[in-house]
Structure formats: C-alpha cells, structure tokens
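# Coordinate analysis (summary)
If you want the building blocks of each chain, they are given just below.
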Amino acid sequence: MMDVGRHPKIELLTYSEIENVTGYIGNFHVNVRKKARYVDEDACTACEKCAEVCPVVAFDEHQLGLASRKAIYIPFPQSVPASYLINMEDCLGTNPIACGKCLEVCDPKCIDYDEKDSIIELDVGVIIVATGMDVIDPTVLDEYHYTEFENVMTSWEFEILTGPGYVTGSELLRPTDRKVPKSIGFIQCVGSRDDKRGHPYCSNICCMNTVKDTLYLKEHYPDMECYVYYMDIRTFGKQYEDLYKRSKEMGVRYIRGIPGDVEEDPETKNVIVAVENTTTGKLEHHELDMLVLSVGVEPRVETADIQKILTLSKAPDGFLAESHYQLNPIDSPTGGIFLAGCCESPKDVKGSVTQASGAAARAERLLSQRRVKVEAITSEIDPDLCTSCGICVKVCPYKAIRIEKKKAPAEVIEAACKGCGTCAAECKFGAITMKHFTDDQILSMIDAMLEEKPEEKICTFACNWCSYAGADLAGLSRIQYPPNARIIRTMCSGRVDEKFIWYAFQKGAPVVLVSGCHFVDCHYIDANRWTQKRIEKIWDKLEQKGIRPERLQLEWCSAAEAKRWQSIMRAAENLRKTVSKQEIEETIRILSNGDKPKTKAKAEAKGKKKPKVTAASSE
Amino acid sequence: MVEDERRIGVFVCECGINISATVDCDEVTEYARTLPDVVFSIKNRYTCAEPGQEEIKRFIKEENLNRVVVASCTPRMHEPTFRQCCADAGLNPYLFEMANIREHCSWVHHDRKEATKKAKDTIKLAVARARKLESQEELTVPVTQAALVVGGGIAGMQASLDLADAGYQVYLVEKEPTIGGLMSYINKIFPTMD
C-alpha cells in the first residue's frame, strides 16, 4: 500500500468515484468526482489531536461496527493516504459551526468545513476495472439466528475479532461475556451454493478461509474444540490440501452436514447446534460458545454502476464477463478495458494478484504500441441523400454524429462511432451506409435464406455481443435445439432495419426473430432500446395489415444464457409450426398489394393478444 | 468491382470430428461449389491450423480468389485469425466471411441430415454476404500514454504498480478514503498464514 502511495507514476484519487467515461480504445476521457474530505490530505500529519477532542462516537465501518470511531477519523492506522477525514453526517454541524473543536487543535490548519467535491478530468488510453467483491448480508438468511444470538457471527466479523488487537486486544473474546470461548463451530456455504436464497455459485474462498481460521485458533488455543460443518471441502489450490490436513491433524472436527437448527441457551448464551452427520447418519448436538457463519461473497453494488458507465457485460451471477472464458479471460468485451480481481469472479489473494499482473500486461501491450487500429465497422452518410432531419444524431449512443449548422448534412465522427448501426436502421432516407453490415449485404442473406423452402426457416437476427455469443455458448455446452433457425449476425440488434423484417416476410419467412442483449448489457449503451421501439411499431403495423404480430419475435439473451437460447429456439420453432403455407402466401399477398389489409384477417388479428416480448421465459 | 469479377473460395473445416461427426463435410464442400461466384471449394481437417491457413493463402494466389469464406467455428473466435491470413496473402481482411457450422450447427444438432442441411444454408448465407463485401481501411488512432485503474484493493494496487513500474502514468481511483480494499480487513492469508 505504501508503495502505491509514494510511487511517482501513480496519482492516487481516494474517496473518489467515476462519474462518466466517453471515448474508445486508446482514447478514453474520464470524469472523476473527488469527494470532500474536509481535511487537506497533503497537509494532514495524522497527529490524532482532532480525533481526541471530537465528541462524536460513531459506527466504525472498518471494524464492522465492533468498535467505534469519531466523526473525524482515519479508517485504520496504515491508511493510504495517511490522512484524516470528516464524515459530515456524523459531525455535529458546521453551518453554523456547532462544535469546531477539531479545528481549534489542528496545528497544520488542514481542516476546511466548506470544502466542496471537485471534478477531475483524465485522459487515458486503457482502463483496468478492479472493483472487487462484497460479503453477503447474512441478515436475509436468518435460520442461524444471526440477528438474535449475540454469539453467532460472520466469518467477516471473526476476522476483525482475531485481527491484530483492534477490538479485543490480543485475545479472541466472545461477545456476551468477553471470555475466550472453549468451543467454536463454523457453518460453511452460508449464502453460497443455494439456488433459493443467497447465490447458486460456490464463493471459492470460504472453505480455505475457515481452514485458516481453525489453524489460527488451534495455534493460539490448542484446547479449544473446533467444529466445521460442511457440504464439501474444496481445497483445490496449491498447498491448500496440506493446510486442510494440518487442521484435521490438530484436532479440528470436520462434520459433513449442514446444521438444521440452532438454539441459544438463555442462561449461558451458548449456541446449541443440531446437525445430521451424514458420514455416520446420526444426529449430533453440539453446545458451542461461539458459532461462525462462513458467508459467501457477491459482486459489489458499485460494479453494476461501472458496468453501465463502461458498457461492460455481466454474467448471470452478477460478476463482470470476460471476453472469452478460456482464451481471453482478462480482456473485457470492450476494447481497451481489462478486468482484474474479484469483480470478474470470487478469488483468493493469489488469484487476484495474478490476474492484476495479467491485466497490467494486457494493458501495457496496448500502451506500448502507441497507435492502435480500430475496426472499420462505422457508418457513413451520403450528404446528397441526407435531409438533416436529425434522427441519427438523436439515436446515436456515442454522440458520434453531428449536424454542425441547420440544414447541413449530418457527419459521422469516425473514431467515435462504434458501429452499432442504429443510425442506418433509423434513417428514413437511405442516406446512411453501415460499413461491413450494409443493407445490400443483409438483404442478400435474406434472399439466400428464403430462396428455397422458406416455410421451414426462422429468419433470425442475433447481435454479436450477447445473443450470437449466447448461441455460441449453447454450442460449446452441446445444448440441443431445433435446427430451423438461420442466423444473420449484426453487431447490435439496433442495426435490424424495419425493411429487413418486411423483406423477410415478403420472401415467405414464417417467423422473424430479433434477439439482442438485455437492456443493462447492451454493448452500445442503450441502442437496443431503439430496437424495442422499432419492433413495437412494426407489431402495430403487422396488426393493421392483418398479419399475426407474434410472427415477429423480440428476445433478449445474454452471452452467458445458453439455456435461454435453447428456450428461445424451441419457442420460435413451436411458433413456426403454427404458421401454415396458406398464411405465408396470404402475408406475401398482403405485402405485395401495398397497405390494404383484408378486413377478415384484420378482425382476427385484433382479437389476438399482443405478442409477449419474451416467449421463451415462460417455459 | 464488376459482378463477374468476383471469385469466391470456400474452405470447409472438419474441425477434427467436431464438425464432421454430424455434418457431411464432403457434401457441403461439393454444394458450396454450386453457389454463385464460388470458383473453388475445399475441405480441411483443421482450417485454423498452419496447413489449413497455408492452404487458404496458396489458393488465394493460385485461384486468384478475391473473397474468402471459411465454414468452421464462430467468428467470435477465429475471425481475427483468418482476416490476418487473408491480409498475409494480400487480400483486404474485410473481404473475408465466416460461416459458423460448429457452435451454431454441428454441436447443437444430432441429426446428421438436418445438420448438413443447415450447414449448407449457413454457407449459402455467408457466400451471399461475401459477394457484397467491400474492402475497408482501418483507422489507426493514437493511444494516450496513461492508464486508469478503478478500485484500490489488492488487484487494483498490483495492476497500478506493474504499469507504473513499466513507466506509464497511472490514475488509481478508489471510492473509500483509503486504498487497501477487503485485504485491509484480513488478519492472516492462506496458505502461507502470514
């Protein structure tokens, strides 16, 4: 930590948050909000005089509330920067100054009650996301009476209690009588590997954390009885199994079985655990002085904010998704952005450090090139066809299109265009060409697809980053589904022009499926919102024309949802089977006759419900 | 380019048995040759392996190909590989197209007849697109010589130090008043217990 603080090449911005990021690989512009500390971090000498006179006693976040701090405080003695700060919610008030004691005793005069947040602008070529993870809140899974019994605590709190003298001096003391416990139990997988509550995944670190805790206890208190209640002990890492063996050799009892019931002795405040030992098949009761819940981990709330700001993808478990699971596990799907540590998945310290060095190397590879090629998938505007209507400017998620003067044709800022193609899909005048995904290319694919036996085929548009990737994962996972879909890949579902859909129906497609990213996952910020708006309009038009609107399906499927892709494919195939040759012929007739809907068909269509946006989710 | 000048080569990959187990690659290769503007088609064991790539380069020259379609796996994996291969043979990388007959076909359908039918269609679509492909020039942009690291936990600190030691300017942004992250709460660390 000290090395980071004093490195001449590192500018540390603590108590700061990313507000906004614009730009692209090699050229990101970042706005950072540096929150007011009310103490000048460079001038503060951490002399502690301010905290000595502060009359406020507040919850110490860094001790998880097991200790208190003042309103002016330093998070912990080795903090970097080694500077105090004021929590203004705790402070007695500065307007008017109600206390001001700290200011009186501060020798370097580094306290400023009127300090304001500041915005810092940065230009960088690469971004490494290392937003970490969080520990799950055990109060929501209260079968072990964490909120009621004082001697039931989390592994996280245990870490504080056994820390280097912060809270209870050099001894581990149990909360109710401040005595060293004679017996202690650990319950594994609290909030992990549970489909119903907590999280379905394995949190990766809790088994070894408990093994570590028991070793610590046995080294300090050889006579303490230690029990570990578990489903499976996972000691997959280098030297991990040795540690587990040592723990067992030192007398820690590992019991395969998760306690069903926990009670408290009202007098001694001991905790009585009832557990079925599945190795012996017998029910055991253990009276323990303390019980530790080995809680799982989860993505930090802030990671979701960063995900939106940087348009990253997340896996269904909420951790950030890597570009490719095996072959590109450090790069995010967005060029120039890399993932390090537990924001990507739960990891131990070694795993985090390893991935961080990997991320630094991946970033350096880009920085050292000094120039980088960007894909030539950008849009182009024909000034002769452009009417300066401004719709492209409105829909562009990257503000990459501008109209400089009134009535002047729109212009694309090529380096800022990321190639979603929404502008080309929305332009009513055919003035925009999406390079490498042109109308002509896509219409030719529809022609080729529906040239023979169109009635057997589902004309599918899948976005590159989520739906197409989800279908790839279905392949990798060998998940089977009906073979009738023919996929046209576009970079974003926003590229799917209304005319593609009409053309497909005109050529005899029984079903047209448009599949994009879930809203929070859209690789192009919010381009898929335009997809939805467009599809909703087409549904209305289909209804007016007397064509069953549900024959146009809109779905959202992430890169990690292989099973969902299977459901989407099955639902689309079931739908296709309901479309008869006559119905297709009728559609072709309606569409080639212009806009005159057949009265009977119209009445029929009106009687039907609007199509559900997610037909597959009902499976 | 005038229409009759298009010369498309289709390279069908067996991917060992990953594709050939459910897709009749001979039939597909034959079929590809019947598609408009396709002047050449061939089957490889592994198109992405060096002999496969050498074959692409060779036939671009020998058959004077100006569009290349590889029918193999997902473009999300090997499109950069084959684009580079085309570029090495002097063909603009944007004149390359892929037909995904593995992830979207052989791996998800057991029925050989149906899978072969779908593979043919997938190639037909890819050829239709390839006929309309045009050369593109990629823009090169400068890389700002600085890095942003978001989060000052153990991972953020390590990444910052590595980049800073390599001589790059690093901005480390941390939400809390101190760096350290979860690590700063931990007493001992397994497996070394220090």
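Residues numbered from 1 in each chain as written. Chains lettered and ligands numbered in written order. Predicted model: local features only at pLDDT ≥ 70, side-chain atom pairs only at ≥ 80, totals over all residues.

### Quick word on the overall build of chain B
Here is the rule: Secondary structure elements are taken from DSSP: a helix is a run of H or I of four residues or more, a strand is a run of E of two residues or more, and numbering for both begins at the N terminus. In this treatment the radius of gyration is a C-alpha quantity, and the globule benchmark scales as 2.2 Å times the residue count to the 0.38 power. With C-beta atoms placed from the backbone, a residue is labelled by how many other C-beta atoms lie within 10 Å of its own: buried for 20 or more, exposed for 12 or fewer, partly exposed between the two. Contact criterion: two residues are in contact if their C-beta atoms, reconstructed from the backbone, are within 7 Å.
Along its length, chain B carries six helices and seven strands. For chain B, the C-alpha radius of gyration of 24 Å lies well beyond 16 Å, the compact-globule estimate for 194 residues. Split into buried and exposed, the 194 residues of chain B put 56% on the buried side. Contacts in chain B between residues far apart in sequence, at least 24 positions, make up 68% of those at least 6 positions apart.

### Describing the pairing of strand 15 (residues 261-264) of chain A
Residue and element names in this part refer to chain A. Put simply, the rule is: The criterion for strand pairing is that DSSP finds at least two bridges linking the strands in question.
In this sheet, strand 16 (residues 271-277) lies alongside strand 15 in antiparallel orientation, the contact comprising four bridges. Paired with Asp261 across the bridge in strand 16 is Ala274. Hairpin remark: strand 15 followed by strand 16, antiparallel, with six residues in the connecting loop; positive phi at Lys269, about 65°.

### Quick look at the packing of helix 8 (residues 349-369) of chain A against helix 6 (residues 154-165) of chain B
Selection criterion: Only the stretch in contact is used when fitting a helix axis, every axis being a line fitted to C-alpha atoms; angles between N-to-C directions are given from 0 to 180 degrees. By definition, any crossing whose near helix is turned counterclockwise from its far helix by less than a right angle is left-handed, and any crossing with a clockwise turn is right-handed. Each residue gets one label: Ala, Val, Leu, Ile, Met, Phe, Trp, Tyr, Cys and Pro are nonpolar, Asp, Glu, Lys and Arg are charged, and the others, such as Gly, are polar.
Orientation of helix 8 of chain A relative to helix 6 of chain B, taken along the N-to-C sense of each, is 35°, at an axis distance of 8 Å. Note that helix 8 of chain A runs across helix 6 of chain B; the crossing there is right-handed. In this structure, helix 8 of chain A contributes Val349, Ser352, Val353, Gln355, Ala356, Ser357, Ala359, Ala360, Ala363 and Glu364 of chain A to the contact, and helix 6 of chain B contributes Ile154, Ala155, Gln158, Ala159, Asp162 and Leu163 of chain B. Class assignment of the residues belonging to the contact of helix 8 of chain A with helix 6 of chain B gives a composition of 10 nonpolar, four polar and two charged.

### Quick word on the packing of helix 2 (residues 50-62) of chain B against helix 3 (residues 75-88) of chain B
Two packed helices can be described by the angle between their axes and the distance between those axes. All names here are of chain B. Going by this rule: For classification purposes, an angle smaller than 35 degrees is called roughly parallel, one larger than 145 roughly antiparallel, one from 65 to 115 roughly perpendicular, and anything else oblique.
Where helix 2 meets helix 3, the axes come as close as 9 Å, and the angle between the chain directions of the two elements is 40°. In terms of axis orientation, helix 2 runs oblique to helix 3. Our pair here, helix 2 against helix 3, has a crossing hand that is right-handed. Residues Gln53, Ile56, Lys57 and Ile60 of helix 2 form the contact with helix 3, whose own contacting residues are Cys85, Cys86 and Asp88. Within the contact of helix 2 with helix 3, the residues separate by chemical class into four nonpolar, one polar and two charged.

### A short note on the pairing of strand 13 (residues 225-230) of chain A
All names here are of chain A. The following threshold applies: Convention used here: a crossover is right-handed provided that the path from the first strand, over the helix, to the second strand proceeds clockwise when the strands point away from the viewer.
With five bridges joining them, strand 12 (residues 183-190) and strand 13 adopt parallel strand pairing. For Ile184, the partnering residue across the bridge sits in strand 13 and is Cys226. Handedness of the crossover joining strand 12 and strand 13 through helix 5 (residues 206-220) is recorded here as right-handed. Traced from strand 13 through helix 6 (residues 240-249) to strand 14 (residues 253-256), the parallel crossover comes out right-handed.

### So, the interface of chain A and chain B
Contact residues are listed per partner, giving 100 residues for chain A and 77 residues for chain B. When residues of the side of chain A that touches chain B are assigned to their parent elements, the largest contribution, 13 residues, is made by helix 8 of chain A. Looking at side-chain class alone, the side of chain A that touches chain B contains 55 nonpolar, 24 polar and 21 charged residues. Pairing geometry for strand 1 (residues 10-13) of chain A and strand 7 (residues 169-173) of chain B, over four bridges, is parallel. Within the sheet, the bridge partner assigned to Ile10 of chain A lies in strand 7 of chain B and is Val170 of chain B.

### Re the domain arrangement of chain B
The test is simple: Domain borders in the structure are assigned automatically or taken from a domain database.
Segmenting chain B into domains produces domain 1 (3-132) and domain 2 (146-185). Computed from C-alpha atoms alone, the centre-to-centre distance between domain 1 of chain B and domain 2 of chain B is 45 Å.

### A few points about the sheet that holds strand 1 of chain A
Picture the strands of a sheet paired through backbone hydrogen bonds; they go either parallel or antiparallel. Strand order in the open sheet made by the five strands is 1(A)-7(B)-6(B)-9(A)-20(A), with parallel pairing throughout. Looking at the sheet topology across the chains shown, the edges are occupied by strand 1 and strand 20 (337-339) of chain A. For this sheet, the mean inter-axis angle between neighbouring strands, taken without regard to orientation, is 20°. In terms of strand pairing, strand 9 (residues 126-129) of chain A meets strand 6 (residues 146-150) of chain B through four bridges, oriented parallel. By the bridge assignment, Val126 of chain A is partnered in strand 6 of chain B with Ala147 of chain B. Against the sheet, helix 8 of chain A engages strand 9 and strand 20 of chain A together with strand 6 of chain B, with an angle of about 170° to strand 9 of chain A.

### Notes on the domain arrangement of chain A
When the domains of chain A are assigned, the result is domain 1 (134-297), domain 2 (374-436) and domain 3 (439-618). In this structure, domain 1 of chain A and domain 2 of chain A have C-alpha centres spaced 60 Å apart.

### Remarks on the confidence of the model for chain B
To keep it simple, the criterion reads: Known as pLDDT, the predictor's confidence for each residue is given on a scale from 0 to 100.
Summary statistics for chain B give a mean pLDDT of 95 and a share of 98% for residues scoring 70 or more. Complex prediction metrics read pTM 0.81 and ipTM 0.87.

### Description of the sheet that holds strand 8 (residues 118-124) of chain A
Residues and elements named next belong to chain A. Spatially, the three strands line up as an open sheet ordered 2-3-8, and their pairing is antiparallel. Single-partner strands in this sheet number two, and they are strand 2 (16-24) and strand 8. On average, each strand axis in the sheet is tilted by 20° relative to the strand beside it, whichever way the strands run. Bridging between strand 3 (residues 27-34) and strand 8 involves seven bridges; their strand directions are antiparallel.

### Remarks on helix 6 of chain B
Note the threshold: The length a helix should cover is 1.5 Å for every residue beyond the first.
Taking 1.5 Å as the rise per residue, helix 6 of chain B with 12 residues should run 16 Å; its terminal C-alpha atoms sit 16 Å apart, in good agreement. Within helix 6 of chain B, 11 of the 12 residues are buried, which leaves it mostly tucked inside the rest of the structure. Along helix 6 of chain B, the positions that sit buried rather than exposed are Ile154, Ala155, Gly156, Met157, Gln158, Ala159, Ser160, Leu161, Asp162, Leu163 and Ala164 of chain B. Buried-residue contacts for helix 6 of chain B involve helix 1 (2-6), strand 1, strand 9 and helix 8 of chain A together with strand 6 and strand 7 of chain B. One or two steps after helix 6 of chain B, the chain reaches Gly167 of chain B, where phi turns positive at roughly 100°.

### So, the confidence of the model for chain A
For chain A, per-residue confidence averages 91 on the pLDDT scale, and residues scoring 70 or more make up 95% of the total. Note that residues 596-604 of chain A has pLDDT below 50 and, in this model, 10 contacts with residues that lie over four places away or in other chains.

### Digging into helix 5 (residues 112-132) of chain B
When the terminal C-alpha atoms of helix 5 of chain B are compared, their 31 Å separation across 21 residues agrees well with the 30 Å that a helix rising 1.5 Å per residue should span. Within helix 5 of chain B, 17 of the 21 residues are buried, leaving the element largely enclosed by the surrounding structure.

### As for the environment of Ala469 of chain A
Of note, Ala469 of chain A is situated in helix 12 (residues 467-476). Considering only alpha carbons, one finds Ala469 of chain A and Ala562 of chain A, 93 residues apart in sequence, at a separation of 8.7 Å. If we ignore the near neighbours within four places in the chain, the residues touching Ala469 of chain A are Ala559 of chain A together with Arg76 of chain B.

### Here's the deal with the nonpolar core
We apply this condition: We call a set of buried Ala, Val, Leu, Ile, Met, Phe, Trp, Tyr and Cys residues a nonpolar core when their C-beta atoms link them within 7 Å.
With 217 residues, the main nonpolar core has Ile128 and Val129 of chain A together with Val69, Ala71, Ala147 and Leu148 of chain B as its most contacted residues. In terms of residues, this core owes the most to one element, helix 5 of chain B, which gives eight residues. Apart from the residues lying within four places of it in its own chain, the contact partners of Leu148 of chain B are Phe28, Val30, Leu122, Val124 and Ile127 of chain A together with Tyr171 and Val173 of chain B. Within the second largest apolar cluster, 17 residues are counted, among which are Cys44, Cys54, Ile86 and Cys91 of chain A.

### Thoughts on the environment of Ile487 of chain A
When you line up the elements, Ile487 of chain A lands in strand 27 (residues 485-490). In this structure, the C-alpha to C-alpha distance between Ile487 of chain A and Asn270 of chain A, residues 217 residues apart in sequence, is 63 Å. In this view, Ile487 of chain A contacts Thr460, Ala462, Tyr468 and Ala471 of chain A together with His104 of chain B; residues no more than four positions away in its chain are not counted.

### Focus on the environment of Cys342 of chain A
Residues and elements named next belong to chain A. Considering the arrangement of structural elements, one finds Cys342 in the loop between strand 20 and helix 8. C-alpha of Cys342 to C-alpha of Asp439: the two residues are 97 residues apart in sequence and 42 Å apart in space. Ignoring any residue separated from it by four or fewer positions in sequence, one finds Cys342 in contact with Gly132, Met133, Lys347 and Ser352.

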